[in-house]
Amino acid sequence: MRARSFDIQNGVADTEMKEAQKLLERVKNELTKHWDENTKLSVLIRDHLTKFVSKLMDLRDALNEAVNNTRTANDLSNINEIGLEKQKQKVKDLQNEYQKVQDSLKMAEDALLQVSDLLQMIDNLKDEFEKLAANLDGARGRLLEKVSTFSPAISKIPLVEQAEEHAKLLDQLAQNLSSIIRDTNQNGFIQRAINASNAYASIIEAVKNAEKAANEAGVAADSALKNATSANLRSISERMKNKSIELEESASQARRNLNNNLKPVLNKTKENLKEAKKKHGQLLQDLRNAQSKLSIERGNISETIQKAKDTASKANTTATRLQDRLNDMRKNLEKWNGTYGDISSEDLNSALEEAKKSAGTLATTIPVLLDKLTSLENKKNQSMNLSENILRVRQLISQARNAASKVKVSMKFNGHSGVQVRLPTRPQDLSAYTALKLYIRAPEVSRENQQAASGYFILYLGNKDASGDYIGIIMKEQKLKWVYKLGEEEPATLDIDAEIGTEFATIRVERILQYGQMSVTVQKSDRQLETKGTVIAKGQLGLLNVDPQKMIFYVGGYPSEFSPPGELDLPGYEGCIETDTLNEEVISLYNFEKVFDVDNDRDRPCARPKSSGDPWSSDASYFDGSGYAEIGLTANFAVTNRFEQEVRIVSYNGIIFFIENEGKFVCLAVKDGKLVLYYDTGNGLQIVSNITSTASPTSQEIGGAVTKLIQVILQYQSNKFKIYIRMDRKAVYSVNIDGDGPKADKYYLGGIRTDKFPNSLKEIFPTGGSIRGCMRVIKALDKYIDLKRENTTGVSYGCSSELLISRFVRFTGDGYIKLEPESLPGLQDNFHFGFGFRSAQNNGLMFQYKGDGTCDVSLKNGKISMKFQDEEIESSNTFSDDISHYATFYSNNGLVTFYVDDKLEKQTRVRSGAAQLSTPVDKGQVYLGGLPDASQDTSLVGCVSNVFLRRTGTSVPQVVMDLQQNVGNVNVSMSCPSEQQPQQMRALQKKSRRKMKSAPKLTIKGRRHHVEKSCRLPQYPKVVPGAFHFGQSPKSRFEYDSLPATFQNQFHFSMEVRLESPSGLLLYVSNDQESSFLALYVFNGYLVFLVHIQGEKLRTKSKEKYSDGRWHTVFFSRVNNKIQLLIDGLKIQSSTLPQVGYLKVQTPMYVGGVPAEKANKNIPSAALNSFKGCMKNLQLDGKLVEPPSRTYKVEPCFVGALEEGIFFSAEGGYHTLDNTVTIEQDFELLLEVRPRSQTGILFHAGAKKEQYLILYMDNGKVIVKVNRGAGEYAVAVTPNESMCNGLWHKIAVIKRHNVIQLDVDTERNHTVGPSQTYPIVSKEMVYVGGVPDKLDIVPWSSPQTYVGCIRKVVINQMPVNFSSMGSSHGTVRLNGCPVM
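Residues numbered from 1 in each chain as written. Predicted model: local features only at pLDDT ≥ 70, side-chain atom pairs only at ≥ 80, totals over all residues. Heavy atoms only, no water.

Caption draft 1: Expanded view of the overall build of the protein. Helices and strands together make up the secondary structure of the protein, namely twelve helices and 70 strands. For the protein, with 1380 residues in total, the buried portion stands at 44%. Partitioning the intrachain contacts of the protein with sequence separation of at least 6 by distance along the chain shows that 73% fall at a separation of at least 24. Here the protein displays about 71,700 Å² of accessible surface, and carbon together with sulfur accounts for 49% of that area. (Helix = DSSP H or I, 4+ residues; strand = E, 2+ residues; numbered from the N terminus. Buried < 20%, exposed > 50% of the residue type's maximum accessible area, 1.4 Å probe, protein only. Contact = heavy atoms within 4.5 Å. Areas by Shrake-Rupley, 256 points an atom, 1.4 Å probe, with all protein chains shown as cover.)

Next comes the structure, spelled out in structure tokens:
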């Protein structure tokens, strides 16, 4: 192989290699070329990518900006849409107003034309009337001439006599002629003779008429001559004068009528003119007749002349009067034309627009006030019962004051003017906490007074005599100073260094106990600057102690007789002030009690611009929990209909949205802090609580004043109705219903009008369902709603944060609320807390704190008990009186002090173990009203308010706790009803009534567990097993017919007793003659054992009193000649007989009491009656006695102490009062009840179906029905609290004539029945707690017995003593009410 030559192959290989190298070079060149190109291209692409990325970033920024712009545009669009709707509404209103003005102008033009035509017509009538008057005057002259012509008629008597003689002759000739005719009786001649005879008869008749006329003419002539000779011209002139006066009065009356109503008078005048014309025609006709028959008829010429004179005079007077009035009318028309004739429509529209702008701020108030005034004016003219008028006036006054409080307008003061503002509804609430917000502008001081003014008075809140505690604000050098005084310490003052300018500044002051803070917000160019300050009053007294009856609130100035205290004694303010809120209540300077030298025409109020910050403050509406908004719907319902609104809800229960038509309704409400849907489409009330599958478990929660958007969507399809509820644009409820839903022309927000409230919802919302909170951006059927244009009650405009806090919480015995306050000191490091409370319960936890230790505050037996670490401190007074109190507690270095109502209750130093070193707490725990695992025995029934805990740190403000900011709650309500008594219907009370106290509420546990639905107390009270109660009757007792054979020699008795009275008999047995007996009784609280054997009397008595209401064990025995009395196993009393004898007695043995006439000679009279109390475990010789042979008025013994009152048990019973009430007369009934059932008769008077009065409960509703013979009428009240909640409830029934008023606690209602007068009245039988079975005048088919307690019954201001008045039937306990 080495020898072989590879040159050829080598050459080929070299050639191949060269080719390969060439190819490689070419490839390298190509690759390099492409690489360079690609490199250049990549650089270019990279540049392009960089530019593209830059553009993408620009695009992203542009998109973000577009999104923001879109969002802003949407917001602006919403605002513009709202503004457009408002502008459209304004344009529509202006067009309506313009059309009204055009119509008015058209009517005015038509009226002017009618008046012009009327004037022309009256002018023509006047001319015609003048002509007629002239003709009448001419006729009068001719008539006088005729009279004068006929006056000398007496001279024609001979002629008349000759005519009579000639007539007689003619008559005789006629008779002769008739005789000749009868004799001759020829045909033609006879006919002609008959005709001649008829002619002669006519002649004779004419002669007779002439004779008659001549006689009348003679009489008339004689009369005329006599009148002419003996006329009394003076009397005639006086009559004419009187007639003219009467005519003048008639003219004046006509003038007044003309002024009052032009057209009717003119029409009447026209008719009078026609009548006068007619009379004129008749007169002319009479004259013509007189002229034509003058030779025949000439009767009573003087009367005709006088009538003509009167008619002419009246015509002249009427014409003159009409001419004068027409001249006046013409002058007035010329004046109106000169004054208003040149007004153009543009000027009129401008004037209307200016008037509209000027009244804009009062647009919501003035219509309400005018409506109320109009209603009051209408009521004034009606013949109504006085009591009903008083009630109606009270309602109108309350509504007018409520409307006045909503007036958001400032008031300008001039240095001498001032306002006494009406106090809020709860002035006592200002004691512990005061929060006030107002707006103020810099004073407008004249140059000459600028140097003299050292300061200005702004407001004062305190006693009317300027003594004691007060709050005030003044201004010095345009800077505000707040002053408040508590107790005997010097006033606390706070100056705010913020200069008030010409723009309104917002002032907020807030005080909780001694701690105060104030802020002033001023407008500087386009931003707001807020300056704050804090102050602490000296001492430990933190309440503003001012009697609400003597409290006054002056703003801007004060009357001359008032002298402000201390630094407040400054001149009145000169400028504008506007009040906003006081303790979450909207107030206005126009809701005043008095004003001093205020003249809004002279001192024009200043316009305050809308706030440009929080939209809730400017655009929202505040619902104060007492009313509703009724919104009219102008558009028709479509397939899909949307209602939406933004809300901030404070209430835990109430109605948000309600729409109803023909019994069908949809209601969206908040119940226990959650959104709930109710509806009724004809199949009864349906409650929707199951949320949609996509909704979260917390999607129903609403409250805490958190902003929520709520949408209600109603879809109407063919025979299908769908409801969608969305919150914050997330579905919460979705319901499909077969049938149709409500289509109404209006719907309600925040509550419901009373007459529209369905009965099915009244049971769920017994207080009316009104909510407390705010709403804005309200839309209905795709149109924005302005509540200022709708019918509202209890709604004001503007919703500041001050209105949305909750300081009150109410507990019902099975709930609690948990708070977690931050930055608290240790329990021994100046720990300070306080809270207000109100309860009628004797026991219950009010406050518990857990931090570096524990502190509990509870009610125990009515007293305040504070458990501090391991120490327990108790107050000396009781406070379970259902009256508001405030408790404050201090703890520092082992010294614990607490006050109630600023009165020191206890101060003590705890042991060193309890006063251990404490450390600050970042977050503590506070429970109010109960604990999560607590029983009802320890839970509170009542209210807690104004909770305060002092915080640490300079940056943490000392404020009242907002109870909405809780971290957990169960069965609570963020409101507390006012403590007020039912007011009488009369304006003046004859005498004051004693304050009624509510009984404590205890937990119900007993052997019977039948509890009526929604009743906290069982129908059968808890009883002591084996115990019996005596004393219901003076002779209540057990009787036993058997005794052991050894009883004569020895016996051993034992029993347990609970004595409630100082004297009474417990046991007695004797022989028939009562010469030998055994007795145990209590006398003045001492137990006495008395034995009488064979003439020997043996007596022993306890050394202490035992009538203390507690259980005691009593042993008493006799063995041979010795007797013993042993009480509670410790104290033995004994006595010995000189000799042994037999105790000869016979049955029955009496326990608890004796029959009448028994034991009179052996027992003191005070102890003869049955003892009042309970007995159990009665034993004889170590064995329980057998059941009694007979029982008289003995009842079970109830657990716990008994309270005053009468108890009606579930077995049935009633109490009668004979001839007590007269139904026809005025009647007044007061009583307190604590029911154990929801239904039953409380009071019934009358025994006839057409004449009765009945007070009863029906499923928790209290109803009064009255029938006085004219038909039944009734009034009902559904109380705020359940009648069956275990508490005492006050009921007042007042009847005045046909008006019946019913008060239940703080709720009231009344009705008016048919009027009827009764000439005879009679007194009726009264039944309390029930009625006999035979009495069928009851609301049910079978009488329902009341179960529970009744006390403090007062009929017509006379207290009823059931023990001495009337009689009881059935199971009725007169001497005490069980509390368990």
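Caption draft 2: Spotlight on the environment of E584. Within the secondary structure, E584 sits in the loop between β12 (574–582) and β13 (592–596). Apart from residues lying up to four places away in sequence, E584 is in contact with Y433, Y622, R772, E802, L803, I805 and R807.

Caption draft 3: Seen up close, the sheet that holds β12. One open sheet accounts for six strands, arranged β1-β12-β3-β8-β9-β10; its pairing is antiparallel. On the outer flanks of this sheet lie β1 (411–414) and β10 (527–536), each paired with one strand and no other. Strand-to-strand twist in this sheet, taken as the mean axis angle between neighbours without regard to direction, amounts to 25°. (Pairing = 2+ DSSP bridges. Axes fitted to C-alpha atoms, helices over the stretch in contact; angles between N-to-C directions.)

Caption draft 4: Region of interest: the nonpolar core. Counting 44 residues, the largest nonpolar core has I458, V520 and F553 as the members making the most contacts within it. Examining the composition of this core, we find that four residues originate from one element, strand β4 (residues 456–463), more than from any other. When near neighbours in sequence (up to four residues on either side) are disregarded, V520 contacts L480, I496, A498, I500, A505, T506, I507, L529, E530 and T531. (Core = buried A, V, L, I, M, F, W, Y, C linked by side-chain atoms within 4.5 Å.)

Caption draft 5: Summary view of the pattern of salt bridges. This structure, assessed with the given rule, holds 32 salt bridges. Put simply, D603 and R602 hold a salt bridge, and the shortest N to O gap is 3.3 Å. A residue is classified by how much of its surface remains accessible, and D603, at 12% relative accessible area, is buried. (Salt bridge = Lys/Arg side-chain N within 4 Å of Asp/Glu carboxyl O.)

Caption draft 6: Region of interest: the environment of I752. Within the secondary structure layout, I752 lies in the loop between β23 (746–749) and α12 (759–762). Of the residues examined, I752 reaches a relative accessible area of 5% and is grouped as buried. Distance in space between the C-alpha atoms of I752 and A629 is 8.0 Å, their sequence separation being 123 residues. Ignoring any residue separated from it by four or fewer positions in sequence, one finds I752 in contact with Y628, I655, F658, F757, P758, L761 and G768.

Caption draft 7: Molecular detail of a nonpolar patch on the surface. Taken together, the side chains of L41, L44, I45 and L49 define a hydrophobic patch exposed on the protein surface, amounting to about 350 Å² of accessible area. Note that L49 resides in helix α1 (residues 7–150). (Patch = residues over 30% accessible without salt bridge, like charges linked within 9 Å, V, L, I, M, F, W, Y side chains within 5 Å.)

Caption draft 8: Broad picture of the packing of aromatic side chains. Throughout the structure, instances matching the rule amount to 44 aromatic pairs. These aromatic residues form a ring-pair network of at least three members: F831, F833, F835, F837, F847, Y849, F889 and F898. Between the NZ or CZ atom of K671 and the centre of the ring of F765, over which it lies, the distance is 5.4 Å. Taking the ring centre of Y716 as reference, the NZ or CZ of K743 above it sits at 4.8 Å. (Phe/Tyr/Trp six-rings, centres within 6.5 Å; stacked < 30°, edge-to-face > 60°. Lys NZ or Arg CZ within 6 Å of the ring centre and 35° of its normal.)

Caption draft 9: Inspection of the pairing of strand β22 (residues 730–738) at higher detail. Sheet analysis places strand β21 (residues 720–727) next to β22, joined by eight bridges and oriented antiparallel. Within β22, the position partnered with K722 by the bridge is N736.

Caption draft 10: Main features of the sheet that holds strand β46 (residues 1086–1093). Across the sheet, seven strands lie side by side as β47-β46-β45-β44-β51-β42-β54; this open sheet has antiparallel pairing. The open sheet has two edge strands, β47 (1096–1105) and β54 (1190–1192), and neither has a second partner. Across this sheet, the average inter-strand angle for adjacent strands is 10°, counted without regard to direction. The sheet contact formed by strand β44 (residues 1064–1070) and strand β45 (residues 1077–1083) spans six bridges and is antiparallel. Bridge assignment links V1069 to a residue of β45, and that residue is L1078.

Caption draft 11: Representation of unusual backbone geometry within the structure. Between T1147 and the following residue, P1148, the backbone shows a cis peptide bond with an omega angle of 5°. Relative to the assigned elements, P1148 resides in strand β51 (residues 1146–1151). Phi is positive for L513, close to 55°, though the residue is something other than glycine. Following the sequence through the fold, L513 ends up in the loop between β8 (505–512) and β9 (515–524). Take L513: its relative accessible area is 0%, and that puts it in the buried class. Residues other than glycine seldom take positive phi values, yet R729 does so here, at roughly 65°.

Caption draft 12: Here's a closer look at the pairing of strand β34 (residues 885–892). In terms of residue burial, β34 counts as a mostly covered element, since seven of its eight residues are buried. Hairpin connection, β34 to strand β35 (residues 895–900): the antiparallel pair is bridged by two residues, and N893 has positive phi, about 55°.

Caption draft 13: Focus on the state of the cysteines. Tallying each qualifying case throughout the model produces four disulfides. One disulfide in the model links C774 with C799; its S-S distance is 1.7 Å. Around the S-S axis, the bridge from C774 to C799 shows a dihedral of about 75° and counts as right-handed. A residue pair is termed long-range when its members are at least 10 positions apart, and C774 in strand β24 (residues 772–780) and C799 in the loop between β26 (791–797) and β27 (808–819) qualify at 25 residues. Here C774 and C799 have matching classes, each one buried. The residue that forms a disulfide with C1174 is C1197, at a sulfur-sulfur distance of 2.0 Å. (Disulfide = S-S within 2.5 Å.)

Caption draft 14: How the structure looks around the environment of Q700. Within the secondary structure layout, Q700 lies in the loop between β19 (686–688) and β20 (707–717). Discounting chain neighbours no more than four positions away, the residues touching Q700 are G673, K674, L675, S689, I691, M727, V732 and Y733.

Caption draft 15: Just the side chain of N641, in detail. For N641, the position within the fold is in strand β15 (residues 640–649). The contacts of N641, once residues within four sequence positions are left out, are V712, I713, L714, Y716 and L781.

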